[in-house]
Amino acid sequence: MENQPINKPIIYSGIQPTGIITIGNYIGAISNWLKLQDDYNSIYGIADLHALTVRQNPAEFRARAMSFFAQYLACGLDPAKSIIYFQSHVKEHTELAWILNCYTYIGEMTRMTQFKDKSAKHQDNINMGLLDYPVLMAADILLYQTALVPVGADQKQHLEIARDIANRFNNIYSPTFVVPEGYIAKQGAKIYSLQDPTSKMSKSDPDANAAVSIIEDADSIMRKFKRAVTDCETVVEYREDKPGVSNLLTIFSEMTGRTIEDIVNEYHDKGYATFKQAVGESVVERFRPIREEYNRLMNDKGYLMSVAKEGAEKAQRIAYKTIAKVKRKIGLTELK
Ligand code: TYM
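Procedures and definitions
Residues numbered from 1 in each chain as written. Predicted model: local features only at pLDDT ≥ 70, side-chain atom pairs only at ≥ 80, totals over all residues. Heavy atoms only, no water. Helix = DSSP H or I, 4+ residues; strand = E, 2+ residues; numbered from the N terminus. Rg over C-alpha atoms; globule rule 2.2 N^0.38 Å. Buried < 20%, exposed > 50% of the residue type's maximum accessible area, 1.4 Å probe, protein only. Contact = heavy atoms within 4.5 Å. Near = heavy atom within 4 Å. Polar contact = N/O pair within 3.5 Å; in protein donor to acceptor, adjacent residues only side chain to side chain. Areas by Shrake-Rupley, 256 points an atom, 1.4 Å probe, with all protein chains shown as cover. Salt bridge = Lys/Arg side-chain N within 4 Å of Asp/Glu carboxyl O. Pairing = 2+ DSSP bridges. Right-handed = clockwise from strand over helix to strand, strands pointing away. pLDDT = per-residue confidence, 0-100. Core = buried A, V, L, I, M, F, W, Y, C linked by side-chain atoms within 4.5 Å. 1 Å grid on protein atoms, 1.4 Å probe; cavity = no way out; pocket = protein on both sides within 12 Å on 5 of 7 lines; lining within 4 Å. Points joined across faces, edges and corners; volume = space filled by probe spheres on them. Nonpolar A, V, L, I, M, F, W, Y, C, P; charged D, E, K, R; others polar.

**Q** Before we go on, may I ask you to explain the overall build of the protein chain in this structure?
**A** Along the backbone of the protein chain there are 13 helices and 5 strands. In summary, the protein chain has a C-alpha radius of gyration of 21 Å against a globular reference of 20 Å for 336 residues, a match within 12%. Each of the three principal axes of the protein chain carries a C-alpha extent, and together these read 75 × 45 × 40 Å. Put simply, the protein chain has 336 residues, and 51% of those count as buried. Long-range pairs, those at least 24 residues apart, make up 76% of the contacts in the protein chain between residues at least 6 apart in sequence.

**Q** In this structure, what is going on with unusual backbone geometry? I would like to understand it.
**A** At glutamine 145, a residue that is not glycine, the phi angle is positive and equals roughly 55 degrees. Among the secondary structure elements, glutamine 145 is positioned in the loop between α7 (128-143) and β4 (148-150).

**Q** Honestly, the site of the ligand in this entry has me stumped. Any pointers?
**A** Surveying the vicinity of the ligand reveals 27 residues, the closest of which are Tyr133, Asp140, Gly152, Asp154 and Ile191. The contact in question runs from an oxygen atom of the ligand to an N or O atom on the backbone of glutamine 16, over 2.9 Å. At a separation of 2.6 Å, a nitrogen atom of the ligand approaches a polar side-chain atom of aspartate 140. Here the ligand, which alone exposes 710 Å², has 98% of that area covered by the protein. When contributions to the shell around the ligand are tallied by element, the ones reaching two or more residues are β1 (10-15), α1 (23-36) and α7.

**Q** So what exactly am I meant to see when it comes to the pattern of salt bridges here?
**A** If the charged atoms of two oppositely charged side chains come close together, the side chains can form a pair. The tally for this structure, following the rule as stated, stands at 17 salt bridges. The shortest N-O distance in the salt bridge between glutamate 233 and lysine 242 comes to 2.8 Å. Between arginine 296 and glutamate 293 there is a salt bridge; the shortest N-O distance is 2.9 Å. Here the residue arginine 296 and the residue glutamate 293 both occupy positions in helix α12 (residues 272-298), the gap between them amounting to 3 residues, near one helical turn. The partly exposed category is assigned to arginine 296, whose relative accessible area is 48%.

**Q** I keep staring at the pairing of strand β2 (residues 41-46) and nothing clicks. Help me out?
**A** Remember that side chains alternate between the two faces of the sheet whenever the strand is regular. Most of β2 is tucked away, with 6 of its 6 residues classed as buried. Side chains of β2 alternate between two faces, with Asn41, Ile43 and Gly45 and Ser42, Tyr44 and Ile46 buried alike. Sheet analysis places β1 next to β2, joined by 6 bridges and oriented parallel. Counterpart to serine 13 in the pairing with β2 is tyrosine 44. You can see the chain leave β1, run along α1 and come back into β2, and the turn it takes is right-handed.

**Q** Explanation requested: the confidence of the model for the protein chain in the structure shown.
**A** Detailed reading of the predicted coordinates is not advisable wherever pLDDT falls low. Confidence in the prediction for the protein chain averages 96 pLDDT; 98% of positions are at 70 or higher. Scored below 50 in pLDDT, residues 1-5 shows 10 contacts in the model against residues more than four places distant or in partner chains.

**Q** Can you help me understand the nonpolar core in this one?
**A** Generally speaking, nonpolar side chains in soluble globular proteins are found buried as a group. Residues Ile23, Phe69, Phe225, Ile251 and Phe275 are the most contacted members of the largest nonpolar core, which totals 60 residues. At 11 residues, α12 tops the list of elements feeding residues into this core. Look past the residues within four positions of phenylalanine 69 in its chain and what remains in contact with it is Ile46, Ile84, Tyr85, Phe86, Leu304, Val307 and Ala308. Listed in part, the 40 residues of the second largest apolar core include Met109, Val135, Ala166 and Phe177.

**Q** Just checking my understanding: could you explain the layout of surface pockets for this structure?
**A** A probe as big as a water molecule, rolled over the atoms, marks out the empty space that is left. Here the largest pocket is characterised by a volume of approximately 1,400 Å³. Considering the residues around the largest pocket, the lining is formed by 50 residues, among which Gln114, Asp154, Gln155, Lys200 and Lys203 are closest to the centre. Only β1, α1, β2, α6 (113-121), α7 and α8 (156-172) provide two or more residues apiece to the lining of the largest pocket. Considered class by class, the residues forming the lining of the largest pocket number 17 nonpolar, 22 polar and 11 charged. Quantified by volume, the second largest pocket comes out at close to 300 Å³. Lys190, Tyr192, Tyr238, Ser246 and Thr250 are, among the 17 residues lining the second largest pocket, the residues nearest its centre. Of all the elements, helix α10 (residues 243-256) adds the most residues to the lining of the second largest pocket, at 4 residues. Of the residues contributing to the lining of the second largest pocket, the split by class is 7 nonpolar, 6 polar and 4 charged.

Below, the structure written as structure tokens:
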């Protein structure tokens, strides 16, 4: 492809540094990033500019962004294979977002589910960024000529808009952006709250028992799984009318690689207490090495900063080419 500096297809994804990285984020997004890391040129951003759409305490925000960055690495994202960086370190994101704004309709933004939810939740701060959020996300994706975007189910609508904007721009000028495809896994694309299994597990849920962080200590993880809301039956089955148990089965399956069927066969009549204990233990075991690596990395801020710096430089080398091409196509004057 024209101007494409590298030959494997490109993957792009990111997480906003708000709240905690939950086991939902891990199952819906990060675990797929890890699977795809060898076959694609992957780029993973800390979407810190997106997080500004909600008011942040500066000191906490800075610390949280670095903590999320360390968690990316602790999960196994490898700077030798992937570009791992902070979105705000590559100025082309905001530059492209502005340009793409001029190819996006207000009506497309006001009908976004996340905009409606977030503006209901933050009525005192319905800022322009909240409305414009999907355009910045489209810029993130299109800037790198991304082929595949591995995300959870809740990002599907944003991905569609990114595709629409890319197609619109390509049709007006000539092929400029790769039109990205989503990668949403069949199982685990939506992990539910442990306290309300009909709503999504959210990284900033005010109820601490609703979500589990990937770096949480073992006792706390076990406590939350023991308290997980189920139903008044006793059988372990995957059924639509048993959202709590079904969610736990999905988590258990994702943690262990066992099929849901296999797990149901083992736990069907063992009772919820035994089942919940086993699910909790599977989560503790899966994340133990990640938590240890995270603690080690957080004691080496110099290393984290060096990875972030290298990531930003590599990302910018790709981003710059796309921006230059876009500016040329739309007729902005080049400085020669
Ligand atoms: P964010 O930070 O809300 O979530 C990060 C990723 O985790 C997925 N996810 C879940 N998957 C399964 N079950 C859940 N309960 C669950 N909760 C969240 C999300 O789908 C997402 O993949 N706008 C994005 C961040 C972003 C981005 C991008 C993503 C910014 N630029 C470019 C892809 C490409 C967001 O807020 O995700």
